[in-house]
Amino acid sequence: MEVESNQLINTSDSHQNDGHRRIYKRRWIVLIIVSLINICNSGVWISLAPVADRAAHFYETNSDNIDLFSSIFFMSTIAIGFITIWIVDRNGLMLGIYLGAILNAFGITLRTLSSAQFVVNSLSLSLRMQYIIAIVGQMIAGLGQPFVLFSPTKVAELWFPTNQRALATTITGMSNPMGIVLGTIISPIIVTDFHKIPTLSTFWCIPSVATLLMTIAFVRSSKPPTPPSNSAEVINSTPYFTAIKELLKLKAYLMLLLYMGCAVGMFSAFITLIEQILRSKRYDDSFSSVCIAIMIGSGLMGAASVSYVVDKNKRYTTAMKLSIALATLSIIGLLVSL
């Protein structure tokens, strides 16, 4: 292990305030794997929304039941969100990454098998049963979301020096919206008619399973042999539930919680329903995908730019206030345009 560790050490990017800390190159492998799981997971979540009308035709149901694929995904995340944080804090980042990869791969595999022709024929599954099994698979994939969605800051804290944490958090944080972009663009391309719905599930199943195999092969520990910074060496002794109670007493945290809750809720509802909204205005699926891609793409560019600036000047509060102001103006513009 010592030989392997020495080969993976790169001390050139150590932060001056952290002394002569060992910085391990395999931190990028962990970051890439977590990012890939996030991309696959968010792609699974949004994949049916851009082609809701064709999915409804395939399952012989209405659009409300197709919207349930998106809703149940988030309900699963909310149901175990706090438990997930406790599990990761108690047992380490590696377990969280494993559980996220396993649940996501198993969920989309179940959804894929529910509409696979050989399974349908072998078990004589009705369309209603196919739909129910697909919903269960979507729910299982949703249970995996918090394990990887909440991991970016942990990965940055445990594996990266202080001067790279904002960059690492931004990269892993951007992976989730990147998966949404891919999901909204790819779905209309694959699903040219309702018979292609099983092909869409297969498309997301393959990288999800591949990412699980990568996780098993390369993620062997929750943190490097030696901490990358002085702050990473400090152990937080505050009990988990005590820390939650203390957070809920902070006015600044509650304001941030309210803002982020409203923002994420509106964003999620909008990208889930945009295909149906624009179709009522006689726009096709491709146009709705382009709208989502532009919206998320501009956000990714903004996040990358802000992370670079914040890494330099550490003005986190100013960056947050600016983002809130711009988001508010965007929401007003969206309401006017609709």
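Further up the page is the structure itself.
Residues numbered from 1 in each chain as written. Predicted model: local features only at pLDDT ≥ 70, side-chain atom pairs only at ≥ 80, totals over all residues. Heavy atoms only, no water.

A. How the structure looks around the environment of Gln130. Inspection of the secondary structure puts Gln130 in helix 7 (residues 127–149). Judged by relative accessible area, which is 6%, Gln130 ranks as buried. For the pair Gln130 and Ala116, spaced 14 residues apart in sequence, the C-alpha separation works out to 9.4 Å. Look past the residues within four positions of Gln130 in its chain and what remains in contact with it is Phe58, Tyr59, Ser114, Ser115, Val120 and Leu125. (Helix = DSSP H or I, 4+ residues; strand = E, 2+ residues; numbered from the N terminus. Buried < 20%, exposed > 50% of the residue type's maximum accessible area, 1.4 Å probe, protein only. Contact = heavy atoms within 4.5 Å.)

B. Broad picture of the packing of aromatic side chains. Inspection of the entire model under this criterion finds 9 aromatic pairs. When the ring of Trp45 is compared with that of Phe74, the centres are 4.8 Å apart and the planes differ by 85°; the resulting orientation is edge-to-face. With Trp45 in helix 2 (residues 27–46) and Phe74 in helix 4 (residues 63–91), the pair connects residues that are 29 residues apart, well separated along the chain. Taking the relative accessible area as the measure of exposure, Trp45 reaches 3% and is therefore buried. Residue classification places Phe74 among the partly exposed positions, given a relative accessible area of 22%. With 5.7 Å between their ring centres and 70° between their planes, Tyr59 and Tyr131 make a pair best called edge-to-face. Taken as a pair, Tyr59 in helix 3 (residues 52–59) and Tyr131 in helix 7 lie far apart in primary sequence, 72 residues in all. Look at Tyr131 and you get buried, because its relative accessible area is 13%. Here a set of aromatic residues connected by ring pairs shows up, and it is made of Phe58, Tyr59, Phe69 and Tyr131. (Phe/Tyr/Trp six-rings, centres within 6.5 Å; stacked < 30°, edge-to-face > 60°.)

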